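Next come the chains, spelled out residue by residue.
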Amino acid sequence: MTGLGAVFRPQLPPERLRSVARVADECGLEQLWLWEDCFREGGISSAAAALAWTERVRIGVGLLPVPLRNVAVTAMEAAALHRMFPGRAILGVGHGVQDWMGQVGARVESPVTLLREHLVALRALLRGERLTSSGRYVRLDDVALDWPPAEPVPVLAGATGPRTLRLTGEAADGTILTASTTADGVRRARQLIDEGLESSSRIDAGAGDDAPHEVVVFLLAATGVDAAARLRAALVDEGVENVPDLGVAGDAGAVAKAVQRLAEAGADTVILQPTGDEPDPEGFVRFAATEVRPLVP
């Protein structure tokens, strides 16, 4: 079965999260995702609150920008969430928006090198290993978590370019693709991820690698009044209005068909991303869970 979820966009104030998360939980949504966008809500703090306010829905953060985070802190926070809320937290890491990284003095010369080093160290720490490393960016001296997760946990990574997509196949347990990814884009991403998976330099081979590599794709979606106009405006704002078959506007049937196209292209989970001006975030979550979910095999 294709996984399905929705996004709580950071254009909404943090105090709105409680209501949206509770609706997601009550109506049976599988996953509610958050973003750590500069300079809005913090990903871990928001995820912890959403997990505490709910009982069942899984909470994803896609993604945590690694230039902002010492890997030991990422590991500590991820481990704490997984121990307090077993099986319900989904954390993804990535390069972050480079302009934002520059604004805070965190931009690095080689984002791919940093992400590789961060992923290797993060996965090792979450496995309970004691780690010493002296990489270009990640340097640890005899570091181990006192409270690693009780069970193995996947680490996902965001990617768009070919080098990073291959890297996620090598070094992550799953890949997060943005809403600017068409079905053909998912197919191309799957090929590059598979190249990484099959690489002779596969990182940490044997460490839980029997699990399939999950691909999570965001899908820009609008429904209700002025759905087509809101979708068009969102695509224009992102500069992708001329990309065919990107995003979907319409009723549950139309959205479900768009989800299925991505699933047939290789997506394991599709997360519906409302427009930034979605007038009813709670209603959007309810729409995803009660109207779209029954139509997605």
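Before reading on, note that the structure itself is shown above.
Remember, predicted model here, so these are calculated numbers, not experimental data.

> Requested: an account of the overall build of the chain, with residues and values cited.
A tally of regular secondary structure across the chain gives ten helices and eleven strands. For 297 residues, the compact-globule formula gives about 19 Å, and the C-alpha radius of gyration of the chain, at 18 Å, lands near that figure. Expressed as lengths along the three principal axes of its C-alpha atoms, the size of the chain is roughly 55 × 40 × 40 Å. A total of 297 residues make up the chain; the buried ones form 56% of that total. Contacts in the chain between residues at least 24 apart in sequence constitute 74% of all its contacts with a sequence separation of at least 6. Total accessible area on the chain stands at roughly 13300 Å², and carbon and sulfur atoms take up 51% of it. Positive and negative side-chain charges of the chain, numbering 29 and 40 respectively, have mean locations separated by a distance of 1 Å.

> Go over the pattern of salt bridges with me, naming the residues and quoting the values.
Counting across every chain of the model gives 15 salt bridges. Arg69 serves as the salt-bridge partner of Glu36, at 3.0 Å between the closest nitrogen and oxygen. Separated by 33 residues along the polypeptide, Glu36 in the loop between strand 2 (31-34) and helix 2 (43-53) and Arg69 in the loop between strand 3 (58-65) and helix 3 (71-84) bring together distant segments of the chain. The exposure classification of Glu36 matches that of Arg69, with both residues buried. Of the charged contacts in the structure, one is a salt bridge between Arg40 and Asp37, with a shortest N-O distance of 4.0 Å. Classification of Arg40 as partly exposed rests on a relative accessible area of 45%.

> Break down the side chain of Asp173 for me, with residues and values.
Take Asp173: it is sitting in the loop between helix 6 (162-171) and strand 8 (174-177). Asp173 gets classed as buried once you look at its relative accessible area, which sits at 17%. Reaching out from Asp173, the side chain makes a polar contact with the side chain of Arg123 at a distance of 2.8 Å. The contacts of Asp173, once residues within four sequence positions are left out, are Arg123, Val153, Pro154, Val155, Pro212, His213 and Glu214.

> Which residues make up helix 2, and what values go with them?
If you check which residues of helix 2 are buried, you get Gly43, Ile44, Ser46, Ala47, Ala50 and Leu51. Here the buried residues of helix 2 occupy an arc of 160 degrees about the axis, which is enough to place them on one side. With respect to the buried face of helix 2, the exposed residues turned more than 90 degrees away are Ser45 and Ala52. Elements that come into contact with the buried residues of helix 2 comprise helix 1 (17-27), strand 2, strand 3, helix 3 and strand 4 (89-94).

> Explain unusual backbone geometry to me, using residue names and the numbers behind them.
In the segment running from Cys38 into Phe39, the intervening peptide bond is cis, with an omega of 0 degrees. Its location among the elements puts Phe39 in the loop between strand 2 and helix 2. Cis geometry marks the peptide bond from Gly62 to Leu63, where omega comes out at 15 degrees. Relative to the helices and strands, Leu63 resides in strand 3. One non-glycine residue, Asp245, lies in positive phi territory at about 60 degrees. Mapped onto the elements of the fold, Asp245 is located in the loop between helix 8 (227-238) and strand 10 (248-249). What makes Asp245 exposed here is its relative accessible area of 71%.

> Break down the packing of aromatic side chains for me, with residues and values.
Going through the model one piece at a time under the given rule, you end up with three aromatic pairs. When the centroid spacing of 5.8 Å and the interplanar angle of 90 degrees are considered together, the rings of Trp33 and Phe218 count as edge-to-face. Note that Trp33 is positioned in strand 2 and Phe218 in strand 9 (residues 214-222), a separation of 185 residues in sequence. Feature note: the residues Trp33, Trp35 and Phe218 constitute an aromatic cluster, connected by ring pairs.

> Summarise the packing of helix 3 against helix 5 (residues 111-126); cite the residues concerned and give the values.
Where helix 3 contacts helix 5, the two axes come as close as 9 Å, and the packing angle between them is 40 degrees. Here helix 5 runs oblique to helix 3, going by the angle between their axes. The two elements helix 3 and helix 5 meet at a crossing, and its hand is right-handed. Together, Val71, Ala72, Thr74, Ala75, Ala78 and Ala79 of helix 3 and His118, Ala121, Leu122, Leu125 and Leu126 of helix 5 make up the contact between the two elements.

Rules used throughout
Residues numbered from 1 in each chain as written. Predicted model: local features only at pLDDT ≥ 70, side-chain atom pairs only at ≥ 80, totals over all residues. Heavy atoms only, no water. Helix = DSSP H or I, 4+ residues; strand = E, 2+ residues; numbered from the N terminus. Rg over C-alpha atoms; globule rule 2.2 N^0.38 Å. Buried < 20%, exposed > 50% of the residue type's maximum accessible area, 1.4 Å probe, protein only. Contact = heavy atoms within 4.5 Å. Areas by Shrake-Rupley, 256 points an atom, 1.4 Å probe, with all protein chains shown as cover. Lys, Arg positive; Asp, Glu negative; His and termini not counted. Charge placed at Lys NZ, Arg CZ, Asp CG, Glu CD. Salt bridge = Lys/Arg side-chain N within 4 Å of Asp/Glu carboxyl O. Polar contact = N/O pair within 3.5 Å; in protein donor to acceptor, adjacent residues only side chain to side chain. Arc of directions from axis to C-beta. Phe/Tyr/Trp six-rings, centres within 6.5 Å; stacked < 30°, edge-to-face > 60°. Axes fitted to C-alpha atoms, helices over the stretch in contact; angles between N-to-C directions. Parallel < 35°, antiparallel > 145°, perpendicular 65-115°, else oblique. Left-handed = near helix turned anticlockwise from the far one by under 90°.

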